[in-house]
Amino acid sequence: MSIGVFDSGIGGLTVLKEIRKVLPDEKIYYLGDTARVPYGEKTKELIIRYSKEIVEFLLEKNVSAIVVACNTATALALKELKETFKIPIIGVIEAGARTAIEATESGKIGVIGTKATIQSGKYEEEIKLFNKKVEVLQKACPLFVPAVEEGILSGKLVNQIIKTYLDDFKGKIDTLILGCTHYPLLKDAISKIYPDIKIVDPAKETALDLKEILEQNEFLKNDAKKDEEVKYYVTDGQEKFKEIGIMFLEEDIPKVELVKL
Ligand code: DGN
């Protein structure tokens, strides 16, 4: 049994890290579409096309389930992927929305993500499915991704960027969803500035949802031979992926293969 995980690039490694914690014995194929990142500014049609190409690649590896470890691809392509392919495919938004609903006391939730994720309104839609009365405040934070990729995770510059985007939320929300796979790396910096806001990283709950789906389908039970290896694929820049990947995964990435989709 093996699992496919994909992202527009490197950010999905924050989701992979959580999956590895709950499913340490499973073989995982991770694809980062580094040649075509960022997805955050692209059209829905293009994101669907890219996501379908990636799923087809992962299916060739005989994966039993796929995690869309990217908020943007989840927001814009998950529905189409589920309609097109027969294996279980899960995204990160439902888990994030559910966790935030459980966490909020004031019923006021903030969501941050890429422009495409925020414009899609998908988080608000999911949150309202759980509870119509909850108020959702949203904001795109496009400067967070380059800051994280440059390794600027603390200090004056990133604090200024965080305040520029999030000061509007002050006093208006009690829970904040990190609706982009890069943002968990800024969790500490955000918490320091807004200690009263509960921060939700959808990755943890997504990993638990995946485990439950695999158990329901009896994929784990029937798997006699364990193979905990992770195979990494990118569409460009193997060296950069390895270099920055350590920061996201908190472990070494020994080998990355280049693929053409
Ligand atoms: N992985 C993307 C997300 O979670 O929305 C962020 C990177 C990007 O495509 N801009």
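These numbers were taken from a predicted model, which means no experiment stands behind them. (Residues numbered from 1 in each chain as written. Predicted model: local features only at pLDDT ≥ 70, side-chain atom pairs only at ≥ 80, totals over all residues. Heavy atoms only, no water.)

Within the structure, the ligand sits among 13 residues, and Asp-7, Ser-8, Tyr-39, Thr-72 and Thr-181 are positioned closest to it. Between the ligand and the protein, one listed contact pairs an oxygen atom with a side-chain N or O atom of Ser-8 at 2.9 Å. A distance of 2.5 Å separates an oxygen atom of the ligand from a polar atom in the side chain of Thr-72. Two domains each donate at least three residues to the shell around the ligand, and these are domain 1 (2-91 + 204-258) and domain 2 (93-202). (Near = heavy atom within 4 Å. Polar contact = N/O pair within 3.5 Å; in protein donor to acceptor, adjacent residues only side chain to side chain. Domains from an automatic or database assignment.)

Judged by nonpolar contacts, the single largest core of 92 residues is most densely connected at Phe-6, Leu-13, Ile-112, Phe-144, Leu-166, Ile-190 and Tyr-232. For this core, the element with the most residues is helix α2 (residues 44-60), which contributes seven residues. Excluding residues within four positions of it along the chain, Tyr-232 makes contact with Leu-13, Leu-16, Tyr-30, Phe-241, Leu-249, Ile-253, Lys-255, Val-256 and Glu-257. (Core = buried A, V, L, I, M, F, W, Y, C linked by side-chain atoms within 4.5 Å. Buried < 20%, exposed > 50% of the residue type's maximum accessible area, 1.4 Å probe, protein only. Helix = DSSP H or I, 4+ residues; strand = E, 2+ residues; numbered from the N terminus. Contact = heavy atoms within 4.5 Å.)

At a minimum axis separation of 8 Å, helix α4 (residues 93-103) and helix α10 (residues 202-216) run at an interaxial angle of 115°. Taken together, α4 and α10 sit at an angle that is classed as roughly perpendicular. Here α4 and α10 pass one another in a crossing that is right-handed. Seen from α4, the contacting residues are Ala-95, Gly-96, Arg-98 and Thr-99; seen from α10, they are Pro-202, Glu-205, Thr-206 and Asp-209. Its residues placed into classes, the contact of α4 with α10 shows two nonpolar, three polar and three charged. (Axes fitted to C-alpha atoms, helices over the stretch in contact; angles between N-to-C directions. Parallel < 35°, antiparallel > 145°, perpendicular 65-115°, else oblique. Left-handed = near helix turned anticlockwise from the far one by under 90°. Nonpolar A, V, L, I, M, F, W, Y, C, P; charged D, E, K, R; others polar.)

So, about the UniProt feature "active site" (unreviewed entry) in the protein chain. Residues annotated by UniProt as "active site" (unreviewed entry) correspond here to Cys-70 and Cys-180. In summary, the annotated positions, though distributed over 111 residues, converge in three dimensions, the widest C-alpha pair being only 6.9 Å. Of the annotated positions named here, the largest cavity is lined by Cys-180. By the secondary structure assignment, Cys-70 is in the loop between β3 (65-68) and α3 (71-84). Among the residues examined, Cys-70 registers a relative accessible area of 3% and is labelled buried. In this structure, Cys-70 is in contact with Phe-6, Asp-7, Ser-8, Val-92 and Thr-181, ignoring residues within four places of it in sequence. Within the secondary structure, Cys-180 sits in the loop between β7 (175-179) and α9 (187-193). Those residues in contact with Cys-180 that sit more than four places away from it in its chain are Asn-71, Ile-112, Gly-113, Thr-114 and Val-145. (UniProt positions renumbered as here; feature names shortened; annotations may be inferred. 1 Å grid on protein atoms, 1.4 Å probe; cavity = no way out; pocket = protein on both sides within 12 Å on 5 of 7 lines; lining within 4 Å.)

Take Ser-8: it is sitting in the loop between β1 (2-7) and α1 (13-22). Ignoring anything within four residues of it in the chain, the contact list for Ser-8 reads Gly-32, Asp-33, Thr-34, Val-37, Tyr-39 and Cys-70.

For the rest of this paragraph, the subject is helix α6 (residues 122-130). For α6, the full list of buried residues reads Lys-122, Tyr-123, Glu-126 and Ile-127. Taken around the axis of α6, the buried residues stretch over an arc of 130°, which confines them to a single face. (Arc of directions from axis to C-beta.)

Below, the discussion takes up the sheet that holds strand β9 (residues 230-234). A sheet is described by the order of its strands in space; here six strands give the open sequence β4-β3-β1-β2-β9-β10, paired in parallel fashion. Every interior strand has two partners, whereas the edge strands, β4 (89-90) and β10 (256-258), have only one. Of the strand pairs in this sheet, β1 and β3 are connected by four bridges, and their pairing is parallel. Residue Ile-3 lies in a different strand from β3, and its bridge partner there is Ala-65. Docked against the sheet, helix α11 (residues 238-249) engages β2 (27-32), β9 and β10, running at close to 140° with respect to β10. (Pairing = 2+ DSSP bridges.)

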